[in-house]
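Okay, here's what each chain looks like letter by letter:
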Amino acid sequence: MSTSSRYPFTAIVGQDDLRLALLLNAVSPAVGGVLVRGEKGTAKSTAVRALAALLPPVRTVEGCRFSCDPAAPDPGCPDGPHPADGPGGERAARMVELPVGASEDRLVGALDIERALAEGVKAFEPGLLADAHRGILYVDEVNLLHDHLIDLLLDAAAMGASYVEREGVSVRHAARFLLVGTMNPEEGELRPQLLDRFGLTVEVAASREPDQRVEVVRRRLAFEDDPAAFAGRWSGEEAGLRERVAAARALLPRVRLGDGALRRIAAVCAAFEVDGMRGDLVMARTATALAAWAGRTEGAVEDVRQAALLALPHRRRRNPFDAPGLDEEKLDEVLRDAAADDPEDEPPTPPEGQAPEEPGDGDDDGPGPDGGGGGRPDPGDGAGDGSGGLPPQRTEDSGAPAPEDAPEALTGAEPGESGGGTPRPASAEQRAVAAGEPFRTKVLSVPGLGAGAAGRRSRARTEHGRTTGATRPEGALTKLHLTATVRAAAPHQRARGRSGRGLVVRRDDLRQATREGREGNLVLFVVDASGSMAARRRMGAVKGAVLSLLLDAYQRRDKVGLVTFRGREAEVALPPTSSVDAAAARLQALPTGGRTPLAAGLLKAHDVLRVERLRDATRRPLLVVVTDGRATGGPEPVALAGRAARLHAAEATASVVVDCETGPVRLGLAGELARELRGTAVTLDELRAEALTGLVKDVTDHHRARRAA
């Protein structure tokens with residue numbers, strides 16, 4: 001992408017935390033990268049792509065595909081060895097994008113196994129990790145990337161090298177890069193252990209300030225009208241920021257974190273119960289980069305505070321439904337307590353030849369082009385103001401209140417209650433009941449052997465897992481079955497004129513390994529929210545059970561959906577998504593009341609599954625119906641529910657009915673529904689703790705019996 005076609009970094013309006021986190025990584029790549037979380041349309045990708053223009057140029061060995069530095073070439077470079085101080089050239093720092101659908105070979109590189117076996121040479125085609133060496137590797141929608149690719153990516157980022165191993169043939173090359181990932185939490189979360197591997201995390205959201213939104217639109221329209229002219233108007237600010245990044249990089253080795261700062265970092269991490277030591281290390285590196293960015297040679301208290309706000313929120317999650325965040329009041333209290341224990345802190349020392357900073361010092365070039373913001377920063381600006389010395393941006397105070405959520409409208413609050421007297425949607429509706437405590441469940445699996453996306457629920461043919469056989473490759477060979485290949489080539493050695501010890505291998509001899517692992521499924525919950533479920537104790541237990549199954553779905557990398565039915569109709573409360581958090585939030589706000597249109601709920605679920613089969617035919621569904629089995633409203637409601645259930649049975653959809661009926665007298669209607677679905681019924685009590693252990697066996701055995709019949 002040319003400079004003139006890239007939106008300037010200094011023209012981005014607002015998003016102070018995002019811009020600061022990216023700049024700190026540009027100053028010190030050892031910080032460990034940035035994960036940017038936020039809603040769509042918040043300049044996440046724009047900011048990352050604009051950052052590449054601020055990085056200094058890279059000197060490389062001529063002809064080296066792995067971007068070795070002529071002054072210190074990698075001794076293990078596959079294109080080496082390179083002579084010290086050999087000929088080199090200079091190029092701009094790269095920004096390499098990793099597509100969500102990329103293969104493992106595209107990421108780490110590909111070995112030509114056929115040539116390795118037949119000719120004994122390591123024919124290696126570099127991947128994206130090699131391209132990103134000494135630059136930026138950008139992963140948009142990182143939460144949608146397959147887990148094994150994320151593992152490879154983060155391992156390379158941590159070790160500074162990439163290792164490719166294929167059947168005893170290995171290649172290693174340097175892979176040091178600035179890792180930036182962006183994600184929309186509505187589309188699913190990263191696992192906590194993967195979150196921890198990103199150095200910093202920032203949350204971004206669109207401004208609710210009208211003037212700022214107007215400025216965003218004005219600048220974007222001006223850029224789209226004439227990108228080159230717009231970039232030209234911001235070239236001065238870009239050059240100034242580029243110089244500041246270079247100056248901070250040069251100052252970084254001289255920055256010192258005193259014992260007081262290190263004690264504050266340790267106190268903060270201990271107070272917030274941060275697991276492991278990675279949080280302490282990242283905070284220390286971030287505080288050092290903040291000091292260098294502010295033009296100082298010693299870390300300050302504000303550096304530690306800002307480092308905590310960037311490095312710790314995503315390390316505070318204790319379960320998948322916890323939102324990342326940090327209590328700033330508690331943070332300030334911990335820092336005050338740490339300062340009281342260390343009263344002899346000295347003020348930060350400015351660099352040689354620079355006077356101590358005073359409040360208000362520094363030039364202000366005023367508003368930038370197009371109405372403000374983005375003026376050239378002075379290296380001394382912003383120290384200790386909480387902004388990290390970002391380029392000044394026009395900000396206006398707004399008296400308009402932020403949009404208010406209306407939980408009363410969702411939960412059926414009575415008129416006159418808090419929330420401005422929001423009327424209840426229906427006269428029979430009950431306030432939403434809090435979910436009971438979640439508990440550990442055993443896995444519900446879909447019977448048979450699937451071929452869906454990698455996950456942890458049902459058996460499937462996958463690229464990773466235990467080897468179960470061999471087949472002829474269709475297209476490029478990716479996973480060699482060595483034994484099968486040798487067996488295929490052995491009978492032809494004399495005819496091929498073999499004379500030495502090596503094996504003569506032809507293309508037709510190669511065999512692809514077939515492997516079996518686990519897949520993720522689509523777990524569609526159909527929840528009865530009618531009046532018969534309105535007893536608070538029962539609905540709380542139902543929500544607790546569904547929440548437990550949602551937690552299990554999160555851990556097994558499933559997609560989930562939520563259909564609810566009450567009153568006269570059913571609705572899709574949450575279309576199938578990878579965001580289990582969103583499903584949990586919708587479940588918590590679910591009110592109850594009205595009749596029980598069971599048939600409508602099953603038909604709505606049938607429509608959802610039909611559409612999802614068209615979108616992703618390989619992802620197998622698991623239908624979980626949570627109801628007491630009653631059907632009311634309309635003509636022949638029970639017969640209609642039976643016919644709707646038989647639609648699912650005809651398509652062999654794996655089903656589980658959670659019977660919510662309680663009391664001494666039970667009608668057994670949920671069991672009848674399970675028989676119509678050709679699924680398994682389990683009572684609400686049996687879902688608790690160890691009582692669920694036999695459910696997987698019941699579901700699997702039931703479907704085996706169906707196939708045998």
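All of the points below concern the structure found in this document. If you're wondering where the values come from, they're calculated on a predicted model, not measured in any experiment. Residues take numbers from 1 onward in each chain, read along the sequence in its written order. The model is predicted, so local features are restricted to residues of pLDDT at least 70 and side-chain atom pairs to those at 80 or more, both for listing and for counting; the totals for chains, interfaces and linings are taken over all residues. To get the side-chain values, take all heavy atoms of the structure and skip hydrogens and water.

A few points about helix α11 (residues 259–271)
And step 1. A run of DSSP states H or I qualifies as a helix once it reaches four residues; a run of E qualifies as a strand once it reaches two. Both are numbered from the N-terminal end. Working rule for helices: expected span equals 1.5 Å times residues minus one. Under the 1.5 Å per step criterion, the end-to-end length of α11 is 18 Å for 13 residues, consistent within 8% with the ideal 18 Å.
And step 2. Only protein chains enter the accessibility calculation, which uses a 1.4 Å probe; a residue is then buried when its area is under 20% of its type maximum, exposed when over 50%, and partly exposed in between. Listed in full, the buried residues belonging to α11 are Gly 260, Ala 261, Arg 264, Ile 265, Val 268 and Cys 269.
And step 3. Buried residues along α11 sit in contact with α12 (278–293), α13 (301–311) and α14 (328–340).
And step 4. Note on α11: the residue one or two positions beyond its end, Glu 273, has a positive phi of about 55 degrees. By definition, residues are in contact when any of their heavy atoms lie within 4.5 Å.

Points about empty space enclosed by the protein
And step 1. Here a cavity is any set of points on a 1 Å grid over the protein atoms alone where a 1.4 Å probe fits but cannot get out, and a pocket is any open set with protein on both sides within 12 Å along at least 5 of 7 lines; a residue lines the site when it has an atom within 4 Å of a point. Grid points are joined across faces, edges and corners, and a volume is the space filled by probe spheres set on the points. Evaluation of the coordinates by the stated rule reveals four cavities of 30 Å³ or more.
And step 2. Roughly 60 Å³ of volume is contained in the largest cavity.
And step 3. Around the largest cavity, the lining residues are Leu 522, Lys 559, Leu 609, Glu 612, Arg 613, Asp 616, Arg 619 and Pro 621.
And step 4. Looking at the lining of the largest cavity, the element that brings in the most residues is helix α19 (residues 598–615), giving three residues.
And step 5. Tallied by class, residues from the lining of the largest cavity come to three nonpolar, no polar and five charged. Nonpolar residues are Ala, Val, Leu, Ile, Met, Phe, Trp, Tyr, Cys and Pro. Charged residues are Asp, Glu, Lys and Arg, and all others, Gly as well, are polar.

Regarding a nonpolar patch on the surface
And step 1. Judged by side-chain polarity, Val 216, Val 217 and Leu 221 come together as a nonpolar surface patch covering roughly 260 Å² of accessible area.
And step 2. Following the sequence through the fold, Leu 221 ends up in helix α8 (residues 210–225).
And step 3. Looking at Leu 221, the relative accessible area reads 52%, which means it is exposed. Candidate patch residues must exceed 30% relative accessible area and have no salt bridge, after which like charges are joined if within 9 Å and Val, Leu, Ile, Met, Phe, Trp or Tyr side chains if within 5 Å. Residue burial considers only the protein chains on display, and all accessible areas are found by Shrake-Rupley using a 1.4 Å probe. We define a salt bridge as a contact between a side-chain nitrogen of Lys or Arg and a carboxyl oxygen of Asp or Glu at a distance within 4 Å.

Some thoughts on the pairing of strand β18 (residues 621–627)
And step 1. Most of β18 is tucked away: seven of the seven residues are buried.
And step 2. Going residue by residue along β18, you find Pro 621, Leu 623, Val 625 and Thr 627 tucked away on one face and Leu 622, Val 624 and Val 626 tucked away on the opposite face as well.
And step 3. One requirement defines pairing of two strands: DSSP has to find at least two bridges between them. With six bridges connecting them, strand β15 (residues 522–528) and β18 associate as parallel partners. Bridging from a neighbouring strand, Leu 522 pairs with Pro 621 of β18.
And step 4. For the crossover that starts at β18, traverses helix α20 (residues 637–650) and ends in the parallel strand β19 (residues 654–659), the hand is right-handed. By the criterion used throughout, a crossover qualifies as right-handed when its path from the first strand across the helix to the second strand runs clockwise, the strands pointing away from the viewer.

A word on the nonpolar core
And step 1. Buried Ala, Val, Leu, Ile, Met, Phe, Trp, Tyr and Cys residues form a nonpolar core when they are joined through side-chain atoms within 4.5 Å. One finds Phe 9, Leu 22, Leu 51, Val 268, Met 283 and Trp 293 to be the most contacted residues of the largest nonpolar core, which totals 67 residues.
And step 2. Take this core: its biggest share by element is nine residues, from α12.
And step 3. Among the nonpolar cores identified, the runner-up in size contains 36 residues, and Val 108, Leu 111, Ala 156 and Leu 190 belong to it.

Topic: the packing of helix α1 (residues 16–27) against α12
And step 1. To obtain each axis, a line is fitted to C-alpha atoms, and for helices this fit is confined to the stretch in contact; angles are then taken between N-to-C directions over 0 to 180 degrees. Orientation of α1 relative to α12, taken along the N-to-C sense of each, is 90 degrees, at an axis distance of 9 Å. With respect to each other, α1 and α12 are oriented roughly perpendicular. Listed contacts from α12 to Leu 20, Leu 23, Leu 24 and Val 27 of α1 are Thr 286, Ala 289, Leu 290, Ala 292 and Trp 293.
And step 2. Taken together, the residues of the contact of α1 with α12 break down into eight nonpolar, one polar and no charged. Should an angle fall under 35 degrees it is called roughly parallel, over 145 degrees roughly antiparallel, and 65 to 115 degrees roughly perpendicular, with every other angle called oblique.

Comments concerning the sheet that holds strand β4 (residues 95–97)
And step 1. Strand order across the open sheet formed by five strands is β4-β7-β10-β1-β11, with parallel pairing between neighbours. In this open sheet, the two strands that pair with only one neighbour each are β4 and β11 (200–204). For this sheet, the mean inter-axis angle between neighbouring strands, taken without regard to orientation, is 20 degrees.
And step 2. When β4 meets strand β7 (residues 136–140), the two strands line up parallel, connected through three bridges. By the bridge assignment, Val 96 is partnered in β7 with Leu 137.
And step 3. Seen against the sheet, α1 touches β1 (34–38), β10 (178–183) and β11 and runs at an angle of roughly 155 degrees to β11.

Interpretation in functional terms is not warranted from these geometric data alone.
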